[in-house]
Amino acid sequence: MTVSEVLIKGGRDPEINPEPSSSEVAGRSPMRIAMDRLRSDKVAMVCAGIVLVFVLIAIFAPLLCKLFGVEVRAGDPVTDTDSFNYPVIGPPNYGFTWEAPLGLEPNSGNDLLAEWFYGARTSLLVATVATIVSTIVGVVLGLIAGYSRGWGDRLVTFATDLFLTLPFLLVAIAVSPMLVERWKENPAMLDNASLIALIVILSVFGWMGLARLIRGEVVSLREREFIEAARVLGMPTHRILFRELLPNLVAPIVVSFSLSLPATIAAEATLAYLGVGVTGRPSWGQTILRAQNWFDEYPLFLYAPIVGIVVLVFALNLLGDAIRDAFDPKSFR
Amino acid sequence: MFGFVVRRLISALLVLFVISVAVVALFTYGPSDPADAMCPEPKCTAERQDAIREALNLEAPIYVQYGEYMSGIVNGREIAFGSESYDCDAPCFGVSFIYRVNVWDDIKDRIGPTVSVAVGAGVTILLIGVPIGMFAARRRGSSADKAVIGATLVIESIPYYLFVLLAFLYLAVGAGIFPQDGYQPLTDSPLKWAWALLLPWLALGLVNSSKYARFTRGSMIEAFNEDYVRTARSKGLPERTIVNKHALRAAVVPIVTIFGLDFGALLTGTIFTEKIFGINGLGLRALDAVGQSDLPVIEATTLISAVIIVITNLVVDLFYSVLDPRVRLS
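Procedures and definitions
- Residues numbered from 1 in each chain as written.
- Chains lettered and ligands numbered in written order.
- Predicted model: local features only at pLDDT ≥ 70, side-chain atom pairs only at ≥ 80, totals over all residues.
- Heavy atoms only, no water.
- UniProt positions renumbered as here; feature names shortened; annotations may be inferred.
- Helix = DSSP H or I, 4+ residues; strand = E, 2+ residues; numbered from the N terminus.
- pLDDT = per-residue confidence, 0-100.
- Contact = heavy atoms within 4.5 Å.
- Phe/Tyr/Trp six-rings, centres within 6.5 Å; stacked < 30°, edge-to-face > 60°.
- Buried < 20%, exposed > 50% of the residue type's maximum accessible area, 1.4 Å probe, protein only.
- Lys NZ or Arg CZ within 6 Å of the ring centre and 35° of its normal.
- Buried area = accessible area lost by both parts, 1.4 Å probe.
- Salt bridge = Lys/Arg side-chain N within 4 Å of Asp/Glu carboxyl O.
- Nonpolar A, V, L, I, M, F, W, Y, C, P; charged D, E, K, R; others polar.

*Asks:* How should I be thinking about the UniProt feature "domain: ABC transmembrane type-1" (unreviewed entry) in chain B in this particular structure?
*Replies:* In the UniProt entry, the feature "domain: ABC transmembrane type-1" (unreviewed entry) is given for residues 111–320 of chain B. Across residues 111–320 of chain B, helical content stands at 84% and strand content at 0%; the span's end C-alpha atoms are separated by 26 Å.

See below:
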């Protein structure tokens, strides 16, 4: 993507480029143009709003819990559930109550609204950190593979193929308990061992697509004049990689990040269902796992986390699609 | 062509080699203690656990253990746990810590169900996804096109295990339309086999087909804009021939590639389907084994899945080179 391509495209589209003065347009960077296109996309803005709400819920989970007068993980099976393990207030046996707007969890008596708020926090935290780490790994390996001809390239390409061949879920369920076991011995990590193990696994299996993409881009960019000029000037390789090549790769990196974030959220919930995942703190996937046998009697228990995951992933997917379109000079909207 | 096949074969073998080394290394360096998994502390004394560790030869360097494991697969070997000794015939993947049976005997009957689910779901994906994509491509820009593509986006946002779970809960458990009695062997009764697997196929197929619908639509539209399609139109060929013979043939090549790469994911994706529907496949066995720290079973299921994925990728690549002459020539 060159600046001129974007400018020609941007100038043709009246919706994207409302002010016709061409002198102003000439000064805009590709990033600015993409942001302006995104801003005029109503679907993208609505989705961004939805995502923002989830982010705020995740950040202010403790505050929200206080606001609703609920507490996380405070259930007492003796006082909060009856002899059949049903909650003593709220659904499924009683009506709506403000004491527990989403009801209490059968068996444990934990408040489901508080679980939901903190579940959003876990989900976004794990997905964001794992996506950032896998993006960094993918970019660095892609740069190395694309820029070094010969062994570096072959090695990274082989590693990419290898990781694509590994049965991800099987490896995840086999390795995760081992990591947790090992890290539990470290007292500093005791509480977070399962969280860190999950992030590590999601990161280790998340970088291959981006590495391939970046490698392809770099292979074509490295033949261009500005890279040649930089090399002739005697610029050190790391400077060429990070100062010259990297800025040209912003578009694919942003697009890949925004599309792999929802995929990671879904993967986190999926692993939680298989028993690999965070323990000791609320998570939507874990709630779904516990709620599945109650689908008939107590649908709210099952549907609160499902709605959370589906709405968040859907909004992020649409936003990611919009970001891809905004960065793509060839897309006609 | 020959060079291409050889190169692909070598890289596939290399991948398998690295994976098998990783699997054996997992056994050696993995933090969970095999002796403790086999025989927990109150049941066995510390001396007996030490004896087991020695019998398993865990102190030997990794290349020795790797050699033993691989030669076991080819020739079979004898495995001793303390005083007990087991004859493990080829192909020997070790002896289960928990059930004390030959792992291969334990899992060989479980490959069938897993492959049945994955292949059936794969066929369903193509049968649903490709026609929907063709339908949308022929009516591109219309409201029918937009509705179909919008629906695929919504379906894609539902994590697929949720989709399968909800299908199971409502259609099998709730409404009772579909059976929920797990896997029926194909050799007993093909009809029962297909009926028991119909809902898993439909659920797994539908949720994965959305990507293929969008992909087919994209590459069909691209093909419609090609010169040879315009030529076919101007020759006055019937629309059906143009779509099915000319455009689809070009559009299907990238779909086959993606499908081949996805098949591995599909194979591991059957883990949920097996867990949710109670199908006694490889995935369910692996899940149980993880819960019990039964390392030989974990190793064997991981290795066998990797072999199946590598073989599918190889077949797809070769098939691809037959379909698309440009791959052979480059």
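*Asks:* Hey, could you run me through the confidence of the model for chain A in this one?
*Replies:* Interpretation of this model should avoid reading the predicted coordinates in detail wherever pLDDT is low. Averaged over all residues, the pLDDT of chain A is 81; the fraction at 70 or higher stands at 88%. Under a pLDDT of 50 for its full length, residues 1–22 of chain A has, in the predicted model, 24 contacts with residues more than four places off or in other chains.

*Asks:* Is there a simple way to explain the packing of aromatic side chains in this structure?
*Replies:* To describe a pair of aromatic rings, you give the distance between the ring centres and the angle between the ring planes. All names here are of chain A. Throughout the structure, instances matching the rule amount to 17 aromatic pairs over all chains. Their ring planes at 65 degrees and their centres at 5.8 Å tell us that phenylalanine 163 and phenylalanine 205 sit as a pair that is edge-to-face. With phenylalanine 163 in helix H8 (residues 151–165) and phenylalanine 205 in the loop between helix H10 (193–204) and helix H11 (208–221), this pair connects stretches of sequence that are 42 residues apart. Pairing tyrosine 298 with phenylalanine 301 gives two aromatic rings, centres 5.5 Å apart and planes at 40 degrees, and the pair type is tilted. For the pair tyrosine 298 and phenylalanine 301, one class covers both residues: buried. One Lys or Arg, arginine 154, reaches over the ring of tryptophan 151 and ends 4.9 Å from the middle of that ring.

*Asks:* Hey, could you run me through the interface of chain B and chain A in this one?
*Replies:* How big an interface is tends to be expressed through the accessible area that disappears when the partners come together. Across the boundary between the two partners, chain B contributes 43 residues, which contact 34 residues of chain A. When chain B packs against chain A, close to 3400 Å² is buried across both sides, 81% of that on carbon and sulfur atoms. Inspection of the chain B/chain A interface yields zero salt bridges. Breaking the side of chain B that touches chain A down by element, the ones donating at least two residues are helix H1 (2–29), helix H6 (143–157), helix H7 (160–174), helix H10 (239–277), helix H11 (282–291) and helix H12 (295–323) of chain B. Classifying every residue of the side of chain B that touches chain A gives 30 nonpolar, eleven polar and two charged.

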